[in-house]
There are 2 protein chains.
Amino acid sequence: MTRYFDEELLELNKKILEMSAKVEAAIGNSIKALRELSREKAEAVIKEDDRIDRMELEIEEKCLNLIALYQPAAADLRFIVMSMKITTDLERIADLAVDISQRVLEIADQPLLKPLIDIPKLATLAQGMVKDAINSFVNKDPELARSVILRDSEADELRNLVQSELINDYMRKDPESAPRAVALLLVARHLERICDHATNISEDVIYMVKAEVVKHHPESLK
Amino acid sequence: MTRYFDEELLELNKKILEMSAKVEAAIGNSIKALRELSREKAEAVIKEDDRIDRMELEIEEKCLNLIALYQPAAADLRFIVMSMKITTDLERIADLAVDISQRVLEIADQPLLKPLIDIPKLATLAQGMVKDAINSFVNKDPELARSVILRDSEADELRNLVQSELINDYMRKDPESAPRAVALLLVARHLERICDHATNISEDVIYMVKAEVVKHHPESLK
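Residues numbered from 1 in each chain as written. Chains lettered and ligands numbered in written order. Predicted model: local features only at pLDDT ≥ 70, side-chain atom pairs only at ≥ 80, totals over all residues. Heavy atoms only, no water.

**Looking at unusual backbone geometry**
Stage number 1. One non-glycine residue, A:Lys140, lies in the positive phi region at around 45°.
Stage number 2. Along the chain, A:Lys140 turns up in the loop between α4 (118–138) and α5 (142–171).
Stage number 3. The backbone phi angle of B:Gln71 is positive, close to 40°, even though this residue is not glycine.
Stage number 4. Judged by relative accessible area, which is 37%, B:Gln71 ranks as partly exposed. (Helix = DSSP H or I, 4+ residues; strand = E, 2+ residues; numbered from the N terminus. Buried < 20%, exposed > 50% of the residue type's maximum accessible area, 1.4 Å probe, protein only.)

**Focus: the pattern of salt bridges**
Pairs can form between side chains of opposite charge once their charged atoms are near each other.
Stage number 1. Counting across every chain of the model gives 40 salt bridges over all chains.
Stage number 2. In this structure, A:Glu61 engages B:Arg78 in a salt bridge whose closest nitrogen and oxygen atoms are separated by 3.1 Å. Here the residue A:Glu61 occupies a position in helix α2 (residues 39–70), and B:Arg78 occupies one in helix α3 (residues 74–107), the pair thus bridging two chains.
Stage number 3. Looking at A:Glu61, the relative accessible area reads 23%, which means it is partly exposed.
Stage number 4. Relative accessible area serves as the criterion here: at 16%, B:Arg78 is assigned to the buried category. (Salt bridge = Lys/Arg side-chain N within 4 Å of Asp/Glu carboxyl O.)

**A few points about the relation of the copies chain B and chain A**
Stage number 1. Relative to chain A, chain B is turned by 180° and slid 0.0 Å along the rotation axis, the superposed coordinates differing by an RMSD of 0.0 Å. Put plainly, the chains are arranged around a two-fold axis. For chain B, the minimum C-alpha distance to the rotation axis belongs to B:Pro175 and amounts to 2.7 Å.
Stage number 2. Interface overlap between copies: 100% of the residues of chain B at the interface are likewise at the interface in chain A, consistent with a symmetric, same-surface contact. (Least-squares fit on C-alpha atoms with pLDDT ≥ 70 in both. Contact = heavy atoms within 4.5 Å.)

**Considering α4(A)**
Residue pairs spaced three or four apart in an α-helix point in one direction, given the helix's 3.6 residues per turn.
All names here are of chain A.
Stage number 1. The first and last C-alpha atoms of α4 sit 30 Å apart over 21 residues, in line with the 30 Å expected at 1.5 Å per residue.
Stage number 2. Burial runs high along α4: 15 of the 21 residues are buried.
Stage number 3. Positive phi shows up at Lys140, right after α4, with a value of about 45°. (Expected span 1.5 Å × (residues − 1).)

**Some remarks on the environment of B:Glu203**
Residue and element names in this part refer to chain B.
Stage number 1. Locating Glu203 in the fold gives a position in helix α6 (residues 178–210).
Stage number 2. By relative accessible area, which is 10% here, Glu203 ends up buried.
Stage number 3. Sequence spacing of Glu203 and Pro142 is 61 residues, and the spatial spacing of their C-alpha atoms is 8.9 Å.

**A word on the confidence of the model for chain A**
All names here are of chain A.
Stage number 1. In this model, chain A carries an average pLDDT of 92, and 94% of its residues clear a pLDDT of 70 or more.
Stage number 2. Between the elements of chain A, mean pLDDT differs from a low of 94, seen in helix α6 (residues 178–210), to a high of 97, seen in α4.
Stage number 3. On the interface metric, ipTM, the complex scores 0.87, and its pTM is 0.91. (pLDDT = per-residue confidence, 0-100.)

**Some words on the nonpolar core**
Stage number 1. Grouped together as the largest cluster of nonpolar side chains are 158 residues, with contacts concentrated most on A:Leu191 and B:Leu191.
Stage number 2. Discounting residues that sit within four places of it in the chain, B:Leu191 has contacts with B:Ile27, B:Ile31, B:Ile100, B:Ile119, B:Leu122, B:Ala123 and B:Ala126. (Core = buried A, V, L, I, M, F, W, Y, C linked by side-chain atoms within 4.5 Å.)

**Describing the packing of aromatic side chains**
Stage number 1. According to the stated counting rule, one finds four aromatic pairs over all chains in the structure shown.
Stage number 2. Their ring planes at 50° and their centres at 5.0 Å tell us that B:Phe5 and B:Tyr70 sit as a pair that is tilted. Taken as a pair, B:Phe5 in helix α1 (residues 2–36) and B:Tyr70 in helix α2 (residues 39–70) lie far apart in primary sequence, 65 residues in all. For the pair shown, B:Phe5 and B:Tyr70 are each scored as buried.
Stage number 3. Note on B:Phe79 and B:Phe137: the rings are 4.6 Å apart at their centroids and 0° apart in plane angle, and the pair reads as stacked. Linking B:Phe79 in helix α3 with B:Phe137 in helix α4 (residues 118–138), this pair joins segments that are 58 residues apart in sequence.
Stage number 4. A residue is classified by how much of its surface remains accessible, and B:Phe137, at 0% relative accessible area, is buried.
Stage number 5. It is A:Lys140 that lies over the ring of A:Phe79; its NZ or CZ is 4.5 Å from the centre.
Stage number 6. Across from the ring centre of B:Tyr4, 5.7 Å away, lies the NZ or CZ of B:Arg3, which sits over that ring. (Phe/Tyr/Trp six-rings, centres within 6.5 Å; stacked < 30°, edge-to-face > 60°. Lys NZ or Arg CZ within 6 Å of the ring centre and 35° of its normal.)

**Some words on the interface of chain B and chain A**
Stage number 1. Every contact between the two is made by 40 residues of chain B and, on the other side, 40 residues of chain A.
Stage number 2. Summed over both partners, the interface of chain B with chain A comes to about 3800 Å²; 59% of that surface belongs to carbon and sulfur atoms.
Stage number 3. Here chain B and chain A share 10 residue pairs in polar contact (both at pLDDT 80 or more) between them.
Stage number 4. Breaking the side of chain B that touches chain A down by element, the ones donating at least two residues are α2, α3, α5 (142–171) and α6 of chain B.
Stage number 5. Among the residues forming the side of chain B that touches chain A, the class breakdown is 18 nonpolar, seven polar and 15 charged. (Buried area = accessible area lost by both parts, 1.4 Å probe. Polar contact = N/O pair within 3.5 Å; in protein donor to acceptor, adjacent residues only side chain to side chain. Nonpolar A, V, L, I, M, F, W, Y, C, P; charged D, E, K, R; others polar.)

Put into structure tokens, the structure is as follows:
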């Protein structure tokens, strides 16, 4: 029984890593769609989201079955329950890649307002945070989880930079830029929320591994 | 054993209802802070969020203990796991009330850009959706859950209304209004995301009660 259970847990890890890879790709593809103002690429991200949604449901069912069949003890139970929570975060991250793609569709028929510098930087940061958050979970690595949480303030700063530039250098100087500026501002916020989800996952990992309640006390990390 | 377990489930329901009441109040108070541009009220919402965070952790621990102690069968297990997921949604809704309060702090030293009409309407809609979503869970009422999901398009419409008014009637006509207009636009988006969480909860309820996969196929509700 135990050997089967361990194999099931490995299988669960594998599915979560697969889902995470798809979600990271969705973030990257939504930003590529933005750079190129490509309707086609934006629509591809939106379409792919169905598959990610199905992966969430599959993992959820697998987790429920594992609990019902094996009645795992405390640590394993916590790991399985966290798998479900983390999968929900991944699904919502994919939704944010869809949100970014929808902003692209809104502005795809006009030239880009400005060269994109900080937004792709924020996207790369977001992808790395998601990847590391998931790896910290699968490998039960609280140090890696901590490093994700510490990167969240960088995401906030980049978001603020983008936002104040768009308001002060574009909206205020050229009112006609407002719709496109709002779209870019929202993209930056979508990306920053992706970073928030990665942070939530990492907090859960630390909570799980160390059974510490750092979740709502990030200051204890410093 | 069973009687104790049933009592524990009632206790769990009670805790979720208590948390929901706090979260609904946080939404209302953040909008009151906005209407009155009251720093004091905005800060009170931000402060109260710590208590809501603690409630989430308590419910999560209770759920894990219930599973470990009673090893509940399929339907009860699903209910307990969903309790944890729903509690996470409630916590994130409270975070959005904090986000609204932060927008208030950003604009509290200037007069309101415009009389608030659609934003309070959207806030009332959001509060009602959260309340009904939680009631649909506690009472295992898929009809009520469906009614919440159907209201989500109303939220999207109100959000779009607010957004296009702010862009076209304010930002474009008076560039100096941009920072305040962006803050109001974000408040509308925070509220609409609260509605999205209520929708997520309702989808989980339907999934739980009917074991239907409507989650990612809302069209099947129509």
